[in-house]
Amino acid sequence: MKTRLAILASILLTQAAFAAPQTFDFKDPKGVNSASFRVDAPLEAVNGSANGISGTITFDPANPADTKGKITVTTASMTVPNPMMNGHLHGEMWLEATKYPEITFEAKEVKNTKTTDNVTTADVTGTFTLKGVSKDITIPVKFTYLKDKLGDRVPNMKGDLLVIRSSFSISRKDYNVAPGKFEDKVSDNIDLTLSIAGASAK
Amino acid sequence: MKKLFRLLALVLVIGALGVWLATGMNRGWTKTLVPIKTLDEVTGIEGITYKKQFVAGVDFLGAAVLGAVVLTGLSFFFRNKNKQPIN
């Protein structure tokens with residue numbers, strides 16, 4: 001009887017361990033994580049990206065609606081190919097990278113989750129902070145849970161990976177980014193695309 | 001001197017056009033960084049890194065044309081040396 005109870009307890013504990021939420025660290029050792037942005041302009045759309053990404057997300061593959069966490073992008077890591085535009089982007093007129101060194105999104109609520117195999121799509125509501133202005137927004141997010149794949153990416157490490165993809169738009173005037181200025185040269189709408197992978201080591 | 005300024009203007013325009021053609025006839029803004037996409041096979045994420053490379057744009061051509069116009073304009077301030085004075 002004791003043996004049966006011990007086996008049952010160990011099975012339940014194992015299941016609980018697998019069902020427990022995992023914390024994924026998005027500081028990517030391979031430097032592949034990136035957030036890209038696009039702004040329409042008359043001659044050529046301004047395309048750029050940022051690779052200074054960090055943060056943690058708590059994700060439970062058995063219950064993705066409980067996902068919580070915060071992703072941070074370093075403002076100074078935002079890059080555009082034109083040197084003059086790069087200077088303007090970090091300068092006082094636009095993002096003021098020295099005064100506002102981080103752009104963040106903190107997930108608060110996850111709704112409309114749909115899971116197929118290891119892929120979950122959901123609408124995530126959270127606080128997006130840019131240039132010191134915080135607003136609650138809802139964005140579509142695709143989570144891909146890659147079980148035991150950390151070792152394939154980082155040798156000698158065991159664990160899981162979580163890939164997050166999202167595309168959404170914001171209005172620059174909402175975040176005090178040169179509001180109402182240069183609208184004939186640079187559109188008010190900013191398209192953002194996030195493609196990041198986080199690791200949960202075992 | 002007049003000829004020298006006009007020659008410089010011509011060299012400037014031809015040189016700028018040559019650089020623009022050689023760096024890929026970019027019809028957008030001048031770039032000093034070129035994005036390179038690398039695929040992470042495990043996650044399927046396309047990472048973006050930048051390589052330092054000069055790519056002349058239409059602003060580069062425009063600046064060269066403007067410079068040539070200024071040089072040509074300046075050339076009018078000089079008189080031809082070979083002209084004989086009218087008596």
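Shown above is the structure to which this text applies.
A brief structural summary. In this numbering scheme, every chain counts its residues from 1 along its sequence in written order. Here chains are named by letter from A upward and ligands by number from 1 upward, in the order in which they appear as written. Only residues with pLDDT of 70 or above have their local features reported here, since the model is predicted, and side-chain atom pairs are shown and tallied only from 80 upward, although totals for entire chains, interfaces and linings are computed over all residues.

**Here's the deal with the pairing of strand β2 (residues 46-55) of chain B**
Residues and elements named next belong to chain B. Two strands are said to pair when DSSP picks up at least two bridges between them. By the criteria applied, helices consist of DSSP H or I runs no shorter than four residues and strands consist of E runs no shorter than two, each listed in order from the N terminus. Bridge count between strand β1 (residues 31-39) and β2: eight bridges; the pairing is antiparallel. Paired with P35 across the strands is Y50, a residue of β2. Joining the antiparallel neighbours β1 and β2 is a turn of six residues, in which G44 adopts a positive phi near 80 degrees.

**A look at the nonpolar core**
Side chains of a nonpolar character, in soluble globular proteins, are inclined to be buried together. Think of a nonpolar core as buried Ala, Val, Leu, Ile, Met, Phe, Trp, Tyr and Cys residues, each tied to the set through C-beta atoms within 7 Å. Partly exposed residues are those falling between the two cut-offs: more than 12 but fewer than 20 other C-beta atoms within 10 Å of their own, whereas 20 or more means buried and 12 or fewer means exposed, with C-beta atoms placed from the backbone. A:L162, A:I164, A:I196 and A:A197 are the most contacted members of the largest nonpolar core, which totals 44 residues. Here this core gets six residues from one element, more than from any other, and that element is strand β11 (residues 189-201) of chain A. Ignoring sequence-local partners within four residues, the contact set of A:I196 consists of A:F26, A:N33, A:I53, A:I71 and A:I164. Formed by eight residues, the second largest nonpolar core is a distinct cluster that contains B:A9, B:A56, B:F60 and B:A68. Any pair of residues counts as being in contact when their C-beta atoms, constructed from backbone geometry, are within 7 Å of one another.

**Remarks on unusual backbone geometry**
All names here are of chain A. Located in the positive-phi region is N112, a residue other than glycine, with phi close to 50 degrees. Topologically, N112 is positioned in strand β7 (residues 102-116). Phi at N176 is positive, roughly 60 degrees, even though this residue is not glycine. Looking at the element boundaries, N176 is found in the loop between β10 (159-171) and β11.

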